[in-house]
Amino acid sequence: MSRPRIALIADPTSTEGCADVLAQAVDLLTGAPPVRIDSRHLATGGSGRAVPAGERLRLVVPEQGVDLVPDIVVLYEIPPHRRSALAPFQLDLARHDVVTLAAGPEAWRAATQKNLTVERLRRDGIAHMETLLLSRPAPEEARAALDKLGGDAWARPVVGTGGNDTFHVTDPEALLRAADFYAGRGTDWLLSRDAGNFTATGARHQFRVFVLGGRVVHAREHVQASPDVPCNTCQGAVPTHIAPPDLPSRLTELAVAATASMGLPFAGVDLAIEHGGVVFEVNVQPAFVDGELHTVAVPYIRAHLDAYAAARGEALCEASLNPEPM
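What counts as what
Residues numbered from 1 in each chain as written. Predicted model: local features only at pLDDT ≥ 70, side-chain atom pairs only at ≥ 80, totals over all residues. Heavy atoms only, no water. Core = buried A, V, L, I, M, F, W, Y, C linked by side-chain atoms within 4.5 Å. Buried < 20%, exposed > 50% of the residue type's maximum accessible area, 1.4 Å probe, protein only. Helix = DSSP H or I, 4+ residues; strand = E, 2+ residues; numbered from the N terminus. Contact = heavy atoms within 4.5 Å. Phe/Tyr/Trp six-rings, centres within 6.5 Å; stacked < 30°, edge-to-face > 60°. Lys NZ or Arg CZ within 6 Å of the ring centre and 35° of its normal. Pairing = 2+ DSSP bridges. Axes fitted to C-alpha atoms, helices over the stretch in contact; angles between N-to-C directions. 1 Å grid on protein atoms, 1.4 Å probe; cavity = no way out; pocket = protein on both sides within 12 Å on 5 of 7 lines; lining within 4 Å. Points joined across faces, edges and corners; volume = space filled by probe spheres on them. Nonpolar A, V, L, I, M, F, W, Y, C, P; charged D, E, K, R; others polar. Parallel < 35°, antiparallel > 145°, perpendicular 65-115°, else oblique.

A. Focus on the nonpolar core. Core analysis: the biggest nonpolar cluster contains 43 residues, and Ile9, Leu75, Phe89, Val209, Leu264 and Val279 have the highest contact counts within it. Of the residues forming this core, the biggest block, 5 residues, is contributed by helix H7 (residues 249-262). Excluding its chain neighbours within four sequence positions, the residues that come into contact with Phe89 are Ile9, Leu42, Ala50, Leu57, Leu59 and Leu75. With 28 residues, the next largest nonpolar core counts Val99, Val298, Ile301 and Tyr308 among its residues.

B. Representation of the packing of aromatic side chains in the model. Per the counting criterion, the structure on display carries 8 aromatic pairs. On the basis of an interplanar angle of 45° and a centroid distance of 6.3 Å, the ring pair of Tyr76 and Phe266 is categorised as tilted. On the criterion of sequence distance, the pair formed by Tyr76 in the loop between strand S6 (72-75) and helix H2 (87-95) and Phe266 in strand S14 (residues 266-272) is long-range, its members being 190 residues apart. On the basis of relative accessibility, which here comes to 3%, the residue Phe266 falls in the buried class. Within the aromatic cluster, the residues linked to one another by ring pairs are Tyr76, Phe266, Phe288 and Tyr300. Of note, Arg185 hangs over the ring of Phe181, and the distance from its end group to the ring centre comes to 3.6 Å.

C. Representation of the sheet that holds strand S8 (residues 153-157). Spatially, S7-S10-S8-S9 is the arrangement adopted by the 4 strands of the open sheet, whose pairing is antiparallel. On the outer flanks of this sheet lie strand S7 (131-134) and strand S9 (167-169), each paired with one strand and no other. For this sheet, the mean angle separating the axes of adjacent strands, direction not counted, is 25°. Two strands pair when backbone bridges link them, and S8 and S9 are joined in this way by 3 bridges, in the antiparallel orientation. In the strand pairing of S9, Trp154 is matched with His168. Its contacts with the sheet place helix H5 (residues 139-148) against S7, S8, S9 and strand S10 (189-193), and it is angled at close to 170° to S7.

D. Region of the structure containing empty space enclosed by the protein. Using the criterion set out here, one finds 1 cavity of 30 Å³ or more in the structure. Of the pockets and cavities examined, the largest cavity occupies roughly 60 Å³. As for the largest cavity, its lining consists of Leu75, Leu101, Ala102, Ala103, Trp108, Leu264, Pro265, Phe266, Val284, Gln285 and Tyr300. The residue makeup of the lining of the largest cavity, split by class, is 10 nonpolar, 1 polar and no charged.

E. The packing of helix H3 (residues 105-112) against helix H4 (residues 114-123), seen in detail. At their nearest, the axes of H3 and H4 sit 5 Å apart, and the two run at 95° to each other. Of the possible angle classes, the one that applies to H3 and H4 is roughly perpendicular. Within the contact between the two elements, H3 uses Glu106, Arg109, Ala110, Ala111 and Thr112 and H4 uses Lys114, Leu116, Thr117 and Arg120. Per-class residue counts for the contact of H3 with H4 are 3 nonpolar, 2 polar and 4 charged.

Take a look at the structure:
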């Protein structure tokens, strides 16, 4: 198979560094770097253009000197609040049969807007902690919601990332502080019953499970020393890598089902083993930590290459491109 032209489109304002890891994965598998494009140029109001080129799609970004008809588009590391502006571009990708695992705007929206995520989980009978949607509630409404959830809950915005805007709420004062925080930002928010997801030593723990093409490719357990801080690695949680066969089968089933529920070909699903297994969140573009170049980023890029090869009726990428180094 000839080397495909790969466009890696990401938002450089993100600090996660996923685009760098994905670019390295492209180079490892193909022997050449991708063409990197600032996603903001292709969003609504951006100066870049995606125009038909026969049955293909041509990407023109004058600010970056890009004029490319890509074979593959890798669209990743887009902050949640900027994803909706890329919906027209995602539709262009679909209309021109561009090989991508970016999914469509509906799938992105379902996983990005957490109220919609909860609706999908309910619809499909996927276990999750009881959750209530609040929109500028009066104090008595907020207190009634907390009481309904047993007086121990987590507040989070409908759209957010990283856990900086997520709070553990166990008393009316903390609840009103959270309500004031979200009111000041003009956002609706969710209140979810606490899962009691503690280790034997009292630390919080949860799992991040990476699902690609209907199967788990990698997982990790996060352990957070503080019970009142989100169990995210960017908030200080310590990750331990787990090979797919070593993951509890219940979490494998839940992660695959939750990813399918959102309509995503790839996701990072956050879960707890408590309560028989429950889903917290489905991440459209989960961040990578050390050691996940080969376990997550490389399989993700390989899936793009295999889809491209299949579309051309050629052999899969392992047989015709550079092998992954050991």
